[in-house]
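Structural overview for review
The primary structure of each chain is shown beneath.
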Amino acid sequence: METARPASLASPETVRVTNPGGSSPFVFTCDHASNFLPAEFGTLGLPAEDLSRHIAWDPGALPVARRMAEALDATLVETGISRLVIDCNRPLDAPDLVPPVSETTIIPGNAGLSDKQRAERVALSWQPFHDTIAEIVDKRLARGQETRLVSVHSFTPVYKGKSRPWHIGIIHDEDRRLAAPLISALQRLTGVTVGVNEPYSPADRVYFTLERHARSRGLACAMIEIRNDEISGEAGQRKWADMLTGIFTNLEPEEAKGSRQRAVGKSVQSAS
């Protein structure tokens with residue numbers, strides 16, 4: 001199933017919601033679902049082949065998230081614009097909100113933007129995405145529906161020349177209510193190498209969507225990162241979606257622990 005493709009800046013398809021009335025306690029987000037660039041941006045000065053790389057989106061993440069949402073009767077909110085235009089998983093004051101460089105690739109079309117141009121990009125993609133999540137969560141809470149947020153991402157097997165051995169990573173901050181049982185379930189799987197706050201941690205500024213919509217409301221949350229060579233094709237996407245669906249079917253948050261130790265961060269990285 002193809003990602004919805006907005007035809008222009010005026011298109012309403014810069015954010016897409018699947019199953020807004022889902023009965024599951026889980027609400028999934030796919031913050032880097034699409035590599036689509038509206039015609040107004042051209043290629044941002046990049047060769048076409050760069051637009052299929054991880055710098056433009058999270059390859060494979062959306063099919064996994066969609067299959068999980070369908071199987072669990074969960075709501076899914078996805079972006080429709082490439083993160084090269086604006087990264088919806090960053091705060092508005094982040095230096096890589098409109099990334100001048102992603103990994104080691106310079107983005108010429110993001111250089112020297114005026115305040116007006118940046119504001120237009122916020123209004124195009126970032127604001128609708130976060131307004132949509134907020135509206136969904138607020139409506140669920142208003143009707144007393146249990147709500148847990150999970151963001152689904154993918155990561156490149158090699159970053160700045162360094163190999164990443166994990167098949168999947170679970171990212172969390174000091175609230176481990178959802179992450180802890182999810183990590184335990186994954187670690188029981190044969191042949192799966194699980195990263196805990198790997199290859200990113202909240203210190204890498206990759207936890208913004210969950211901080212804004214889950215942590216601010218006291219909701220259990222976690223971030224999933226799947227290595228993108230694992231989900232580059234339909235068979236891998238189906239395998240991981242079905243494996244995660246099996247875990248999520250019976251996944252219940254742990255009680256909050258007394259410890260408030262913040263997750264240990266590593267060096268800041270520019271893509272997630």
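Bear in mind that the values here come from a model prediction, so they are computed numbers and not experimental data. (Residues numbered from 1 in each chain as written. Predicted model: local features only at pLDDT ≥ 70, side-chain atom pairs only at ≥ 80, totals over all residues. Heavy atoms only, no water.)

**So, the pairing of strand S6 (residues 148-155)**
For S6, a buried count of 8 out of 8 residues is recorded, marking the element as mostly surrounded by other parts of the structure. Of the two faces of S6, the one carrying Arg 148, Val 150, Val 152 and Ser 154 and the one carrying Leu 149, Ser 151, His 153 and Phe 155 are both buried. Where strand S2 (residues 26-30) and S6 come together, 4 bridges link them in parallel fashion. Following the sheet pairing, Val 27 is matched in S6 by Leu 149. As judged from the 7 bridges shared by S6 and strand S11 (residues 221-227), these two strands associate in the parallel manner. Paired with Leu 149 across the bridge in S11 is Cys 221. (Buried < 20%, exposed > 50% of the residue type's maximum accessible area, 1.4 Å probe, protein only. Helix = DSSP H or I, 4+ residues; strand = E, 2+ residues; numbered from the N terminus. Pairing = 2+ DSSP bridges.)

**Notes on the pairing of S2**
Counting buried positions over the 5 residues of S2 gives 5, a clear majority of the element. On S2, burial covers both faces: Phe 26, Phe 28 and Cys 30 on one face and Val 27 and Thr 29 on the other are all buried. Pairing between S2 and strand S3 (residues 75-79): 4 bridges, direction parallel. By the bridge assignment, Phe 28 is partnered in S3 with Leu 76. Handedness of the crossover joining S2 and S3 through helix H1 (residues 61-72) is recorded here as right-handed. (Right-handed = clockwise from strand over helix to strand, strands pointing away.)

**Side note on the nonpolar core**
Judged by nonpolar contacts, the single largest core of 42 residues is most densely connected at Leu 44, Leu 84, Val 85, Ile 86, Leu 97, Trp 126 and Leu 149. Residue assignment for this core shows that the elements contributing at least two residues are helix H2 (115-142), S6, helix H4 (208-213) and S11. Beyond its immediate stretch of four places on either side in the chain, Trp 126 contacts Ile 86, Asp 87, Cys 88, Arg 90, Leu 92, Leu 97, Arg 121, Phe 208 and Arg 212. Cys 30, Ala 69, Ile 183 and Phe 248 belong to the second-largest nonpolar core, a separate cluster that totals 36 residues. (Core = buried A, V, L, I, M, F, W, Y, C linked by side-chain atoms within 4.5 Å. Contact = heavy atoms within 4.5 Å.)

**A closer look at helix H5 (residues 234-249)**
End to end, H5 covers 22 Å across 16 residues, agreeing with the expected 22 Å (1.5 Å per residue, within 8%). Along H5, the positions that sit buried rather than exposed are Gly 236, Gln 237, Trp 240, Ala 241, Leu 244, Thr 245, Ile 247 and Phe 248. Along the long axis of H5, the arc covered by the buried residues comes to 160°, so they all point the same way. In H5, those exposed residues whose orientation departs by more than 90 degrees from the buried face are Glu 234 and Ala 235. Close packing links the buried residues of H5 with S2, H1, S6, strand S9 (168-171), helix H3 (179-187) and S11. (Expected span 1.5 Å × (residues − 1). Arc of directions from axis to C-beta.)

**Describing the sheet that holds S11**
Read from one edge to the other, the open sheet built from 7 strands follows the order S1-S3-S2-S6-S11-S9-S10, with strand pairing classed as mixed. Two strands close off the open sheet at either side, each with one partner strand: strand S1 (15-18) and strand S10 (194-196). Going across the sheet, the axis of each strand differs from the next one's by a mean of 20°, ignoring polarity. Sitting on the sheet, H1 is in contact with S1, S2, S3, S6 and S11, with an inclination near 160° to S3. (Axes fitted to C-alpha atoms, helices over the stretch in contact; angles between N-to-C directions.)

**Looking at the packing of aromatic side chains**
Under the counting rule described, the total for this entry stands at 4 aromatic pairs. Plain terms: the ring middles of Phe 26 and Phe 28 are 6.2 Å apart, the flat faces sit at 25° to each other, and that makes the pair stacked. Judged by relative accessible area, which is 0%, Phe 28 ranks as buried. Three or more aromatic residues joined by ring pairs form one cluster here, namely Phe 26, Phe 28 and Phe 248. Here the guanidinium or amino end of Arg 148 rests over the ring plane of Phe 26, the centre of that ring lying 5.1 Å away. (Phe/Tyr/Trp six-rings, centres within 6.5 Å; stacked < 30°, edge-to-face > 60°. Lys NZ or Arg CZ within 6 Å of the ring centre and 35° of its normal.)

**Some points on the packing of H1 against H5**
Put simply, H1 and H5 touch, their axes get as near as 9 Å, and they point 40° apart. Viewed along their axes, H1 and H5 adopt a mutual orientation that is oblique. H1 and H5 meet at a crossing whose hand is right-handed. Side by side, H1 and H5 meet where Pro 63, Val 64, Arg 67, Met 68, Ala 71 and Leu 72 of the first sit next to Gln 237, Arg 238, Ala 241, Asp 242, Leu 244, Thr 245, Phe 248 and Thr 249 of the second. By residue class, the composition of the contact of H1 with H5 is 8 nonpolar, 3 polar and 3 charged. (Parallel < 35°, antiparallel > 145°, perpendicular 65-115°, else oblique. Left-handed = near helix turned anticlockwise from the far one by under 90°. Nonpolar A, V, L, I, M, F, W, Y, C, P; charged D, E, K, R; others polar.)

**Side note on the pattern of salt bridges**
As enumerated under the stated definition, the model contains 21 salt bridges in all. Measuring nitrogen to oxygen at the nearest pair gives 2.7 Å for the salt bridge that ties Arg 215 to Asp 173. Taken as a pair, Arg 215 in the loop between H4 and S11 and Asp 173 in the loop between S9 and H3 lie far apart in primary sequence, 42 residues in all. Residue classification places Arg 215 among the partly exposed positions, given a relative accessible area of 21%. Residue Glu 230 pairs with Lys 239 through a salt bridge whose shortest N-O separation is 3.8 Å. Several salt bridges share partner residues, and in doing so they unite Asp 173, Glu 174, Asp 175, Arg 177 and Arg 215 into one network. (Salt bridge = Lys/Arg side-chain N within 4 Å of Asp/Glu carboxyl O.)

Just geometry here; none of it tells us what the structure is for.
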